[in-house]
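# A look at the structure
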Amino acid sequence: MVSNEKSVGSRLWIFAVWATTIFFIINLFGIIAAVVTSSFATRWLRAWFPDGFTTKWYFSAWAEFQLGDLLIVTFQIVFAVVFLSGLIGVPAAYAMARRNFPGKQIVLLLLLLPLLVPPVTFGIPLATVLYKSGLGGTMFGVILANLVPTVPFVILVMIPFIEQIDPRVEAAARVFGAGTFRMFIHVLLPLLLPGVLASLLLVLVRTIAMFELTFLTAGPTSQTLVVALYYAVFAAGVRAVQSIDAMAVVYMVTTLIWLVIALRFVNPTQMVTRAKQQPAH
Amino acid sequence: MAPSLSSFKTLRLDGVSRDFGTVNALRDLTLNIERGEFVALLGPSGCGKSTALNCIAGLLPTSRGAIFLDDQRLDILPTEERGFGMVFQNYALFPHMTVRDNIGFGLKMRGIPKAEAAARVEKAIETVRLGTQAHKLPGQLSGGQQQRVAIARAIVVEPPLVLMDEPLSNLDAKLRLEMRQEIRRIHAGLGSITIYVTHDQDEALSLADRIVVLRDGMIRQVGTPEDLYARPAHLDVAEFMGFRNRIPAKLKTRSGDAVAIDVNGVLLQGIAREEFKGDDVIAAIRPDDLFAGETNEGGIPAVVEAMEYRGRDFFGSARAKDGTELFFRASRRHAPGETVALIADPARLLVYGAAQ
Amino acid sequence: MSSVDYHSNPGLKARLAARGLDSVTLLVLPAIALLVGLFVYPFLYGLWLSFNPKDGSLLGNYFKFFSDPFLYDTIGTTLKLAVPVTILNLVFAVPVAFRVRLMKNQRLLTTILVLPITLGTVLVAEGMLNYLGPQGWANRIMMLFGIISSPVKLTNNYWGVMLSLVITGFPFTFLLTLSYISGIDPALEQAAATLGAKASARFRHIFLPLLIPGLAITFCLSFVQAYSVFPSAVLLGAPAGPTRVISIAAYQAAFEEYDYSMASAIAMIMGAVQLVVVAFVLQIRNLFYRGPAGGAKG
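The numbering scheme is per chain: residues are counted from 1 as the chain's sequence reads. Chains carry letters from A onward and ligands carry numbers from 1 onward, assigned in written order. In view of the model being predicted, local features appear only for residues whose pLDDT reaches at least 70, and side-chain atom pairs are presented and counted only at 80 or more, with totals across whole chains, interfaces and linings using the full set of residues. The side-chain quantities take in all heavy atoms of the structure and omit both hydrogens and water.

The subject of this paragraph is the interface of chain A and chain C. The interface of chain A with chain C comprises 94 residues on the first partner and 91 residues on the second. By convention in these notes, a salt bridge is any Lys or Arg side-chain nitrogen within 4 Å of a carboxyl oxygen on Asp or Glu. Here chain A and chain C share zero salt bridges between them. Definition of a polar contact: a pair of N or O atoms within 3.5 Å, with one able to donate and the other able to accept a hydrogen when the atoms are protein atoms, and with sequence-neighbouring residues admitted only if both atoms are side-chain atoms. Across the contact surface, chain A and chain C share five residue pairs in polar contact (both at pLDDT 80 or more). Only DSSP runs of H or I covering at least 4 residues are called helices, and only runs of E covering at least 2 are called strands; the numbering of each starts at the N terminus. A total of 20 residues in the side of chain A that touches chain C trace back to one element, the largest contributor, which is helix α1 (residues 8-39) of chain A. Residue classes in the side of chain A that touches chain C are distributed as 71 nonpolar, 15 polar and eight charged. Contacts between residues were defined by any pair of non-hydrogen atoms, one from each residue, lying within 4.5 Å. Throughout, the ten residues Ala, Val, Leu, Ile, Met, Phe, Trp, Tyr, Cys and Pro are labelled nonpolar, Asp, Glu, Lys and Arg are labelled charged, and all others, Gly among them, are labelled polar.

Below you can see the structure in the form of structure tokens.
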């Protein structure tokens, strides 16, 4: 397996793999850099770089797109989703981790489906129902729609986390005289906190970036930043490109701040791998 | 092509070393092992024994040194061309292959014709007594059975060298004793070299023809089990081999290896195991060779702290005047607080220099 | 005189608790209620609605969909995007993940790759419009190196959507693959090496069979993501023609024609096609070993 000499073929192969990866990353940064550069450009036509740099687009974007209102709406929705996902998801995860009850497999399937079926597919019937019931286009409707994937996500992330907490710790707390409430506050909550924090941060990042469900259920006053960005790009030509790019940068910064915070607590692979890919050791 | 079993005589490790960054995990491992020998690498965790095994197997590149099988240099070959057999600590059985396919994997990789391979696999299955399990997947076997598959998989290719990395550490005590005998029997039938890594001195003593004690990446002592048991070369080896009593003493006289030492004013006879720098020495002795006499003559006086019944005799702990804790054997129960004289067997009292 | 009869059979509460139904189990109810109300019910309602079209016939929507090339072509258009992209992402992800598995510090790379997933398809589409545009850096660099002589059209067509699916899909596929590969006990590879297996044989006999179940799941998840492509198909593609994917048809039926019945029918068809592909891949997966890959017992 390990040899001190590597053959030419394997060196070439390794080189090719890394070259591909680096090529991918360069393009990725190119895409991001293009948006950022453009947002600061005075005029950028038929050239490698803009004629000059300015910050005026941020001020015009802020006014044109009402970014202040958008940010407030976005965070109202996102924090409501985060709070409700935790409130509904964590106790459910606790029950799933600690009890074996008839129909548990069906519940598990019910939790997996909203994560496996893409948002567009279930978003259209969901939006239909919400509009029929008068919730379509309201902020409450957007929050409800976003809970569909986030609650199962929290549950599936938390189940293995709770399973690895020894139930005897809870039993011990009871033996030493803690009632259910004090056991929860003094024993369970501190043990659960890292997992809750990690899963809710992931929910937060995912909800800021969740386009499809919000797009399908939001009205003019309940749009989040990413949906407004979509409409701005969709109607490109109405406004200056740099202004749209400025908005994109605002969106990017909003997301990345939370991503950086989230990455302090979670492994990047957790952003895509759901609960089941816990190492088997 | 992999070295074949029939042609070799000696495995030679010449200054094999391995650094991790600036840490020398293994320093200058030099050892000649003859065909048919069973060698145990013994030491506490972190002593470099697993590093040594992985370097020999080629799973870790060596930093310096060379490995020879007769005249063929092996350390420059990748693992798959060395042709050794290895039994891993958690067995590393291929979970998607049946017992038979697991055992036959090495033969398949060597391109052995199917009929011959099948026959050899059957023979190996028989050797490890797994006849009825051959069609099962590893996940369906018990720990002991998995262990047998791992051994069969390693020996079926008839390697010149079988490496075993703490193979018994995941088994319960009873199964461990049983598998020890199995391993010894299989080794005897194979006629190859076995290098066996363990931290359990009982295992090493009962299995090996020769034991290599490692500490901090260096060889501390090489010897037969009898050598190591009776005559550890260094104090740390002695402690590792069960010399629980370390008694500070003053050197009185020395002629050859025979020494007389003073322990709290009591004169004791012992055997020197190394050269001393000053006259501060440490006497080491097993609890079983230090017994509470019936009279108070000629022994180290100590106050009994606790006694426990062992069936045949009693095992006790006591404290000497200078505060040294002593473990001893007794033929009757002494009350805590009672003063006893602990008599050391002079042939088993080993004396080392204190400056360590 | 005792008021509690503790010799007879246990009460209902105790019997339920013995089957795992007690107050703790009830904690799962709010989540179930939410999902039934917001996922199961809308789905069933959509299914029912799809069979109640404006014209009153049972299968009207489905007849309309499968008789109008403007509608049924969207399936082919979507598959033509999703299948090659998924395969491409998987083909690149496996070797890269195999290299990265050996790295001590994977965190930087995985963090970089999680960026496009976090930023989302809308932002990537917006960035690519500029980057891949005729005056964008991508075309300029290719011209600088003489790969092309005049700018290539990479946006507002098939290739724009394709590339955006690679940019967001590859990291997803890669991270999923990496987590599956990391789940395989490295001692298995070492064991195979000691038994004489070269790198290619170790891959073929050990890694591949153990990885196939995970790769099948990865394929399904990546495929489903690519199949439901929406914002980049509109923004980076040609939503009236070559990249008129099925989600665009569903969206237009619902929010431009306000025909919720038809929209639901398209959503159901969309779900059914995904299901067929996923079921097919999982069927293949069933042919392989699916137990733990962490060594038999660790």
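Residue and element names in this part refer to chain B. A helix is expected to span 1.5 Å for every residue after the first. Over its 14 residues, helix α4 (residues 114-127) runs 20 Å from end to end, which matches the ideal 20 Å to within 8%, given 1.5 Å per residue. If you check which residues of α4 are buried, you get A117, V121, A124 and I125. The buried residues of α4 occupy an angular sector of 100° when the element is viewed end-on, so they sit on one face. Turned more than 90 degrees from where α4 packs its buried face, A115, K123 and E126 sit exposed. In this structure, the buried residues of α4 make contact with α3 (99-109) and α5 (143-155). Once α4 finishes, R129 follows within two positions and takes phi at roughly 60°, a positive value. Only protein chains enter the calculation, and the probe is 1.4 Å; a residue is then buried if its accessible area is under 20% of its type maximum, exposed if over 50%, and partly exposed in between. As used here, the arc is the angular range of directions from the helix axis to the C-beta atoms.

Turning to the domain arrangement of chain A, a few remarks are in order. How big an interface is tends to be stated in terms of the accessible area lost upon association of its parts. Residue and element names in this part refer to chain A. Each domain of chain A was delimited in the assignment, giving domain 1 (1-54) and domain 2 (58-271). The domain boundaries here were taken from an automatic or database domain assignment. Taking only C-alpha atoms, the centre of domain 1 and the centre of domain 2 are 32 Å apart. Facing ten residues of domain 1, the contacting portion of domain 2 comprises eight residues. A 1.4 Å probe defines the accessible area here, and the buried area is the portion of it lost by two parts on being joined, summed over both. Surface buried jointly by domain 1 and domain 2 totals about 610 Å² across both partners, of which 64% is contributed by carbon and sulfur atoms. On the surface where domain 1 and domain 2 come into contact, there are zero salt bridges. Along the lines of polarity and charge, the residues of the side of domain 1 that touches domain 2 split into six nonpolar, three polar and one charged.

Between chain C and chain B, the residue contacts involve 25 residues of the former and 26 residues of the latter. In total, about 2,200 Å² of surface goes out of reach between chain C and chain B, with carbon and sulfur atoms giving 67% of it. Connecting chain C to chain B are two salt bridges. Note that R202 of chain C is salt-bridged to E80 of chain B, the shortest N-O span being 3.2 Å. Among the secondary structure elements, those contributing two or more residues to the side of chain C that touches chain B are α8 (186-194) and α9 (199-227) of chain C. Taken together, the residues that form the side of chain C that touches chain B break down as 16 nonpolar, five polar and four charged.

The subject of this paragraph is the packing of aromatic side chains. Aromatic rings from Phe, Tyr and Trp, with only the six-membered ring used for Trp, were paired whenever their centres fell within 6.5 Å, and each pair was classed as stacked if the ring planes differed by under 30 degrees, edge-to-face if by over 60, and tilted otherwise. Overall, the coordinates contain 35 aromatic pairs over all chains when judged by the stated rule. Centre to centre, the rings of F211 of chain A and Y230 of chain A are 4.8 Å apart; their planes meet at 45°, and the pair counts as tilted. Linking F211 of chain A in the loop between α8 (180-209) and α9 (212-217) with Y230 of chain A in helix α10 (residues 225-234), this pair joins segments that are 19 residues apart in sequence. Where Y158 of chain C meets W159 of chain C, the ring centres are 5.2 Å apart and the plane angle is 90°; that geometry is what we call edge-to-face. Here Y158 of chain C falls in the partly exposed class, since its relative accessible area comes to 23%. A positively charged side chain is recorded as over a ring if its NZ (Lys) or CZ (Arg) lies within 6 Å of the ring centre. The angle to the ring normal must also be within 35 degrees. Above the face of the F153 of chain A ring, R206 of chain A is positioned so that its terminal group lies 4.3 Å from the ring centre.

Before going further, it helps to examine the nonpolar core. As used here, the term nonpolar core means buried Ala, Val, Leu, Ile, Met, Phe, Trp, Tyr and Cys residues forming a set that is joined through side-chain atoms within 4.5 Å. Residues I195 of chain B together with F174 of chain C are the most contacted members of the largest nonpolar core, which totals 240 residues. Take this core: its biggest share by element is 16 residues, from helix α3 (residues 67-98) of chain A. Residue contacts for F174 of chain C: discarding those within four places in its chain leaves A93, V96, A97, V100, L109, T110 and L113 of chain C. In terms of nonpolar packing, the next biggest core, distinct from the first, is built from 49 residues, Y91, V149, A150 and V237 of chain B among them.

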